[in-house]
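The chain contents come next:
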Amino acid sequence: MLDSVRRIRSQSKVRKIDLYTRVGSYVVPWFFLLPQGALLLKDTPAEGGARLLAWLLCGLGAAVCLTGIPLLSRAFDRYLGRDVAFRWWPAVVGVLLLATLATSVALTSVEHGAETVGAQMLLGMGIAMIPVGSYCLVVRKRVFALSAVAGGALLAVPYWPAGVPFSGLLAIGVMSLFICGWVMSVVRVSGWMLGIVWEVDAARAVQARLAVAEERLRFGRDMHDVLGRNLAVIALKSELAVRLAERDPARALEQMTEVQRMAQDSQRELREVVRGYREADLHTELVGARGVLSAAGTECLIDDIAGEELPAAVQSVLAWVVREGTTNVLRHADARRCSMRLRISRGQVVLTIENDGLRDGTAGGGGGSGLAGLRERLTTLGGTLTDGPGGGKGTFRLTAKVPLTETGTETDAEAEAGAETRAEARAGTGAPVPAPVVVTAGGAGRTTGGNA
């Protein structure tokens, strides 16, 4: 007993609701069978064998309620879409129902038996609930309604030879229809509610699986973004170190030291990805892109005048664009020149990365998942990502656009005015004014405009 209680308590809420609903359907018939059976036995006279028939009727009714439990349980399962076999339970319950009906007719036909028809009909509400409820769960509502009408009419026929008047026969037919409607409202509605509960539980399970899948996609996307560029740079610098090993061991050692540093950075960033706390920094990625492209012999122009004025979320997503764009330049192009331009225009920030040296038959993204991951990141901020041929032959252009809210964001005129004000302030103090930087293959930088 205690083990059964512990087993029930350990079940999920949905299974508990299912169990309580089924048990309630099994118990309700007894609230009619027991009190109405007691009243029937009390009101039935002892002479003429009426009392014995009343006892037999109550016993058969109890047998129907007991043997109907497995039948109703399988009917609930069938209604919920489960594949179950009824076996011989319908036949057993059917035989008991016919025996109960024959006993009721016999009780009505004996002396003073017609006086108990009303009590018998109330008793029949409990007896009929389980078999009729099982039938209404496995057939369509229209079929059940037609069966109820036909069954109510046929049920009154055996009582006519027993001496029941026409008004009594009409009352039996109407009561039979009422019982069928009441059983359907109780059992069928219970099955419908159970179906909803199980569907909600299944939806929650699907939602949980989707959340896990989304987290896996996020993790895979971050893994690609973190390791993609770093591994490409490590491969490039390792190859360079091999070539320099005989000619210039000092520079080869310098390259391998850089490889070691990048490997350690990749380790650290990978741990942060696993923890789910990783955010990219726009300035760091621009500096890293400049160094990587310089090592690859690509001339790099970086113009990020508006970078410091962007919200943190926008800077983070654009940092991923810079990282992926740099990776694509290294993997899918023999670039001699690459430009990265960041501007605020018409209420949105626009980052454009353009390079030459696009290899024949390849797209700038290489058909990988990097650009798809970038689009997902930008979509969360309402941004877009476009890629395609650039302005010249053999060039590729990657453009990311992110809309800016009015709060905390300057307009184009305010941004230009702010830049001029900062330039004047730095000029007055002798501080250098930031300007677009060009990095050549030799690693030396030169400015393009402004006060150098």
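The shown structure was predicted, so the numbers you read here are calculated from the model rather than taken from an experiment.

Novice: I keep staring at the pairing of strand S3 (residues 348-355) and nothing clicks. Help me out?
Specialist: Each regular strand shows side chains that alternate between the opposite faces of the sheet. With 7 of 8 residues buried, S3 lies mostly within the body of the structure. As consecutive antiparallel partners, strand S2 (residues 337-345) and S3 are separated by 2 residues, and within that stretch Arg346 has a phi angle of approximately 55°, a positive value. Summarising the sheet, S3 and strand S5 (residues 396-403) pair through 8 bridges and their orientation is antiparallel. From the neighbouring strand, Asn355 faces S5, where its bridge partner is Phe396.

Novice: It is not clear to me how empty space enclosed by the protein should be interpreted in this structure. Could you clarify?
Specialist: One water molecule sets the probe size; rolling that probe over the atoms shows where empty space is left. Scanning the model with the defined rule gives 2 cavities of 30 Å³ or more in all. In this structure, the largest cavity spans a volume of roughly 60 Å³. Forming the walls of the largest cavity are 11 residues, and the residues nearest its centre are Gly325, Asn328, Val329, Asn355 and Phe396. Looking at the lining of the largest cavity, the elements that each hand over two or more residues are helix H10 (312-332), S3 and S5. A per-element tally of the lining of the largest cavity places H10 first, with 4 residues. Partitioned by chemical class, the residues of the lining of the largest cavity number 6 nonpolar, 5 polar and no charged. Looking at the second largest cavity, its volume works out to about 40 Å³. Listing elements by their share of the lining of the second largest cavity, those giving two or more residues are helix H9 (282-295), strand S1 (299-303) and S2. For the lining of the second largest cavity, the element with the most residues is S2, which contributes 3 residues. A per-class count over the lining of the second largest cavity returns 6 nonpolar, no polar and 3 charged.

Novice: Please clarify how the side chain of Ser25 should be interpreted in this entry.
Specialist: Locating Ser25 in the fold gives a position in helix H2 (residues 13-43). The class of Ser25 is buried, set by a relative accessible area of 3%. With residues up to four places along the chain from it excluded, the contact list for Ser25 reads Leu72, Phe76, Met129, Ile130 and Ser190.

Procedures and definitions
Each chain has its residues counted from 1, running along the sequence as written. Selection of residues for local features in this predicted model requires a pLDDT of at least 70, selection of side-chain atom pairs for listing and counting requires 80 or more, and totals for whole chains, interfaces and linings are taken over all residues. Water and hydrogen atoms were dropped before computing side-chain values, which therefore reflect all heavy atoms in the structure. In this scheme, a residue with accessible area under 20% of its type's maximum is buried, one over 50% is exposed, and one in between is partly exposed, where area comes from a 1.4 Å probe on protein chains only. Where helices and strands are cited, they refer to DSSP runs of H or I of at least four residues and of E of at least two residues respectively, numbered from the N terminus. Pairing between strands requires that DSSP locate at least two bridges from one strand to the other. Here a cavity denotes a set of grid points, spaced 1 Å apart and computed over the protein atoms alone, in which a 1.4 Å probe fits but from which it cannot get out, and a pocket denotes an open set meeting protein on both sides within 12 Å along at least five of seven lines; residues with an atom within 4 Å of a point are reported as lining. Grid points are joined across faces, edges and corners, and a volume is the space filled by probe spheres set on the points. Residues are grouped as follows: Ala, Val, Leu, Ile, Met, Phe, Trp, Tyr, Cys and Pro are nonpolar; Asp, Glu, Lys and Arg are charged; all remaining types, including Gly, are polar. Residues count as neighbours in contact if any of their non-hydrogen atoms are within 4.5 Å of one another.

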